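Below are the chains, spelled out letter by letter.
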Amino acid sequence: MAVQIDFKPNRDLLDPKFESYRLSLDPLPVLKQQLSGGVESVDLGDDQYGYLHVRMAGIVNHLFQDSWAPECVFFASEAHHVFWVKLSQDGKLTKPRIVWQLPSDSSRPNANTTISFPCADWTVVSDGAGGIYLLSTPSRTEGEPWQLCHTYHVESCYPPCHLLHSVHYNFPSSHQVECLLAHISRPQDVEGNLKLSETTMHFVCVLEWISFSSVGSETVSWNIKRQRRLVGGSFPNYAAIDPAGGALCLASEREFSFIYDSQKQNDKDEVEKVGDLKPSTPPLYTYIQSLEDITVVFKIPETITKGDIEVDFHLSSMEVKIRGKVVLQGLLWNNIDVEASTWTVEETKLEVILTKKETGLVWQELVKGDSRGEEVLDPALVEEIHNRLAHLTSENELIDGSAKPAYNPHQLEECDVSSEFFMFLRLEGDSHHVTHQSNIGGHQWLFQSMVSPEKLPTLCLRHDVDGLLWQPKNVLSEDEPEQFRVEHIATFPALGFVQASKQDRKYIVGSPDFSYAVLSDNTRHIYIYRQPESLNAAIELRNRKTGQEVSSIAKQHVVNLEQCDAILGLQACKHCIFVLSKYVLFAIKINES
């Protein structure tokens, strides 16, 4: 059974007294480096018209940052050269240097190149058309040429493909590199045991999880160790391989499931169907609700007696145990009346009756994030809902414009819209089971960033008006009850609010040291939001309206880039912001020290 993990904010990292950002007119130094030849930027083709194609194209960042050396960035040119640029210690940009050229292939479809850095000595490159290249890069920080060690083509991959993440494992007598590749495909073209319940789904997202291994210290000979394939009905906002090994972390509006595993291809029962796939097992429980209460029914063996069962009720949660084993636990959709809730056993049936604290509220699910149950609709409840909505319909056709609309759509902002179903999942690579999960619906997705290259990427979600940065992490201590959790490590004040006001935003990233966040639009504007800084004790500043003394100020910078027709990439490090356009690479210096 999947463990429910909690995205619980750390109150010490929240600032309830934060007021606003103050526009700073202090100029920020902007460095420029002209690029010989245009940056590679391939648009979607005529046959790539689906929503998932657009979603994948929307996350493409043509500038790749080396998380092991954040001052180094890479990009691919239209001539399929990979260039290296670095912010040197003297605060200047080095001249772009070619470190590698993709193999020429006239038959290869034109697609965007993506690059990932699993460790300090190895690099993985995808040509966007199914080709994966494993390269030895021990001197990346100095811009030394890369050495190609292995080439692999994913036959089942349909361009465009996007390299999402990669990790490296160094064993005593071998090396292993794992990479995660995403592409969009029609359901009938996907290779694997796929049975979709939604027949109207024209495209699905396919994740190719590929493991390469090399025996010996020379790491000259590489081969495919394992290939796994997952399918989902949406493009994941977050997808990363757990560096601790053997698991995949996803944040998506739809669940993903394994449909192929090269080590289990002869045992189809091992490839499980979840989420959008047809369930192969009956529901763990069923429940029926009225306006006042919810009745939950569990099927139990005849040998189970009332003494074998424990049911604990709390205001917002419940736990059901049978012979000491937890059958169901977690946060409820809404609060219950603990004193009025009860349970009973009748032959092979356990009935749990939950009395709603808020009478009349229809629950969308029983336990948040738990999909193992099935709701049985109460005819009386359906009739009540129908009566509630009756005033919104009419038997007569409305042929004039005299009626007023139910709401003004122009008053809605993007921050008012969020996905009801947005899950964070940890999938175990061997068993294909979901080991940990959390329903983070209602929290708008902002961005992901790499704070530490040896850890999983962080994810930033909107909570109220702030942007909260979360670090998924493995806990190896034996004293910890859980071996995996998500930890709140930083807060970007009011970032959720300000980013929603930027209708033309294209990229949003955060500094690895949490000192600032930066947004860009499609063309030339860069918006920088610094963390609040304490004022000098000799400076006395007061709020004009309240008269209260102000002890800190959060600055906002707006940078207008010249000679920039379109922003193709954005990355941030502690000292500067890298901005990539078609023919110019910019570096906006944030910290001079």
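Procedures and definitions
Residues numbered from 1 in each chain as written. Predicted model: local features only at pLDDT ≥ 70, side-chain atom pairs only at ≥ 80, totals over all residues. Heavy atoms only, no water. Helix = DSSP H or I, 4+ residues; strand = E, 2+ residues; numbered from the N terminus. Buried < 20%, exposed > 50% of the residue type's maximum accessible area, 1.4 Å probe, protein only. Contact = heavy atoms within 4.5 Å. Areas by Shrake-Rupley, 256 points an atom, 1.4 Å probe, with all protein chains shown as cover. Salt bridge = Lys/Arg side-chain N within 4 Å of Asp/Glu carboxyl O. Pairing = 2+ DSSP bridges. Axes fitted to C-alpha atoms, helices over the stretch in contact; angles between N-to-C directions. Polar contact = N/O pair within 3.5 Å; in protein donor to acceptor, adjacent residues only side chain to side chain. Phe/Tyr/Trp six-rings, centres within 6.5 Å; stacked < 30°, edge-to-face > 60°. pLDDT = per-residue confidence, 0-100. Arc of directions from axis to C-beta. Patch = residues over 30% accessible without salt bridge, like charges linked within 9 Å, V, L, I, M, F, W, Y side chains within 5 Å.

Q: For the overall build of the protein chain, give the residues involved together with the corresponding values.
A: A tally of regular secondary structure across the protein chain gives 3 helices and 40 strands. Counting over 593 residues, the protein chain shows a buried share of 48%. Nonlocal contacts in the protein chain, meaning residues at least 24 apart in sequence, comprise 59% of its contacts between residues at least 6 apart. Just so you have it, the protein chain exposes about 30,200 Å², and 48% of that area is on carbon and sulfur atoms.

Q: Before we move on, could you go through the environment of Ile528 and cite the residues and values that matter?
A: Here Ile528 is to be found in strand β35 (residues 525-530). Taking the relative accessible area as the measure of exposure, Ile528 reaches 0% and is therefore buried. When the C-alpha positions of Ile528 and Lys555 are compared, they lie 8.2 Å apart, and in sequence the two are 27 residues distant. Those residues within four positions of Ile528 in sequence are excluded, and the remaining contacts are Leu28, Tyr516, Ala517, Val518, Lys555, Gln556, His557, Val559, Ile577, Ile588 and Ile590.

Q: Tell me about the pattern of salt bridges, and please be specific about residues and values.
A: This model, assessed by the stated rule, comprises 13 salt bridges. Between Lys555 and Asp26 there is a salt bridge; the shortest N-O distance is 4.0 Å. One end of the pair, Lys555, is in strand β37 (residues 552-560); the other, Asp26, is in the loop between β2 (21-23) and β3 (30-34), with 529 residues separating them in the sequence. Overall, Asp26 belongs to the partly exposed group, its relative accessible area being 47%. The closest approach of N and O atoms between Lys349 and Glu351, which form a salt bridge, is 3.3 Å. When its relative accessible area of 17% is taken as the criterion, Glu351 is described as buried. Ionic contacts of the salt-bridge type, sharing partners, join the residues Arg226, Asp261 and Asp430 into one network.

Q: I'd like a rundown of the sheet that holds strand β7 (residues 97-101), residues and numbers included.
A: Taking strand neighbours across the sheet as the criterion, the 4 strands line up as β4-β5-β6-β7 in an open arrangement whose pairing is antiparallel. The sheet is open, and its two edges are formed by β4 (64-65) and β7, each paired on a single side. Judged from the 2 bridges that link them, β4 and strand β5 (residues 72-76) form a sheet pairing that is antiparallel. Across the sheet, the residue bridging to Gln65 is Val73, located in β5.

Q: Tell me what's going on with the sheet that holds strand β25 (residues 349-355), and back it up with residues and numbers.
A: The mixed open sheet is built from 5 strands, whose spatial order is β24-β25-β20-β19-β26. Both outer strands of the open sheet, β24 (342-346) and β26 (373-375), are each paired with one neighbouring strand and no more. Direction aside, neighbouring strands of the sheet carry axes that sit 20° apart on average. Bridge analysis of strand β20 (residues 293-299) against β25 gives 7 bridges, and the strand direction is antiparallel.

Q: Residues and numbers for the pairing of strand β9 (residues 122-126), please.
A: The buried fraction of β9 is high, at 5 of 5 residues. Side chains Trp122, Val124 and Ser126 project from β9 onto one buried face, and the interleaved Thr123 and Val125 project onto a second face that is buried too. Across 3 bridges, strand β8 (residues 114-116) lies against β9 in antiparallel orientation. The residue bridging Ser116 from the neighbouring strand is Val124, located in β9. Counted along the chain from β8 to the antiparallel partner β9, the turn is 5 residues long. Counted between consecutive antiparallel strands, the loop separating β9 from strand β10 (residues 131-136) contains 4 residues, among which Gly128 sits at a positive phi close to 80°.

Q: Could you give an account of the side chain of Glu208, naming the residues involved and the relevant values?
A: Following the sequence through the fold, Glu208 ends up in strand β14 (residues 204-215). Only 3.3 Å separates the side chain of Glu208 from the side chain of His183, close enough to count as a polar contact. In this structure the side chain of Glu208 is engaged in a polar contact, spanning 3.1 Å, whose partner is the side chain of Gln227. Not counting residues up to four positions away in its chain, the partners in contact with Glu208 are Val154, Ser156, Cys179, Leu180, Leu181, His183, Gln227, Arg228 and Arg229.

Q: Now, about the packing of aromatic side chains: what can you tell me, with residues and values included?
A: Applying the stated criterion across every chain yields a total of 16 aromatic pairs. Geometrically, the ring pair formed by Tyr285 and Tyr287 is tilted, given 6.4 Å between the ring centres and 35° between the ring planes. Taken as a pair, Tyr285 and Tyr287 share a single burial class, namely buried. On the basis of an interplanar angle of 45° and a centroid distance of 5.6 Å, the ring pair of Tyr285 and Phe298 is categorised as tilted.

Q: Can you lay out the confidence of the model for the protein chain for me, pointing to particular residues and giving the numbers?
A: Residues of the protein chain with pLDDT of at least 70 account for 84%, and the chain-wide mean is 85. The model gives residues 400-412 a pLDDT under 50, and that stretch makes 3 contacts with residues more than four places away or in other chains.

Q: So, helix α1 (residues 51-58): which residues are in play, and what are the values?
A: When α1 is considered as a whole, its buried residues turn out to be Leu52, His53 and Met56. Across the axial projection of α1, the buried residues extend over an arc of 105°, all falling on one side. Of the surrounding elements, those touching the buried residues of α1 are β12 (161-170), β13 (174-185) and β14.

Q: Lay out a nonpolar patch on the surface in plain terms, naming residues and giving numbers.
A: Taken together, Leu23, Leu25 and Val558 make up a surface patch of nonpolar side chains, about 330 Å² in accessible area. Relative to the helices and strands, Leu23 is located in strand β2.

Q: So what's going on with the pairing of strand β39 (residues 576-580)? Which residues, and what values?
A: On a regular strand, each side chain points to the face opposite its neighbour's, so the side chains alternate between the two faces of the sheet. In terms of burial, β39 is a largely internal element, 5 of the 5 residues being buried. Burial along β39 is two-sided: Cys576, Phe578 and Leu580 and Ile577 and Val579, pointing in opposite directions, are all buried. Pairing geometry for strand β38 (residues 569-572) and β39, over 4 bridges, is antiparallel. Bridging across to β39, Gly569 finds its partner in Leu580. Linking β38 to β39, which pair antiparallel, is a turn of 3 residues. Sheet topology places β39 next to strand β40 (residues 584-589); 5 bridges connect them, and they run antiparallel. Paired with Leu580 across the bridge in β40 is Leu585. Adjacent in sequence and paired antiparallel, β39 and β40 are bridged by 3 residues.

Q: Break down unusual backbone geometry for me, citing the residues and quoting the values.
A: Between Pro159 and Pro160 the backbone carries a cis peptide bond, its omega angle lying at 5°. Note on placement: Pro160 falls in the loop between β11 (147-153) and β12. In the Ramachandran plot, His80 falls in the positive-phi region, its phi being about 65° despite a non-glycine side chain. Its relative accessible area of 23% is what places His80 among the partly exposed residues. Here the phi dihedral of Phe514 falls at roughly 65°; this positive angle occurs in a residue that is not glycine.

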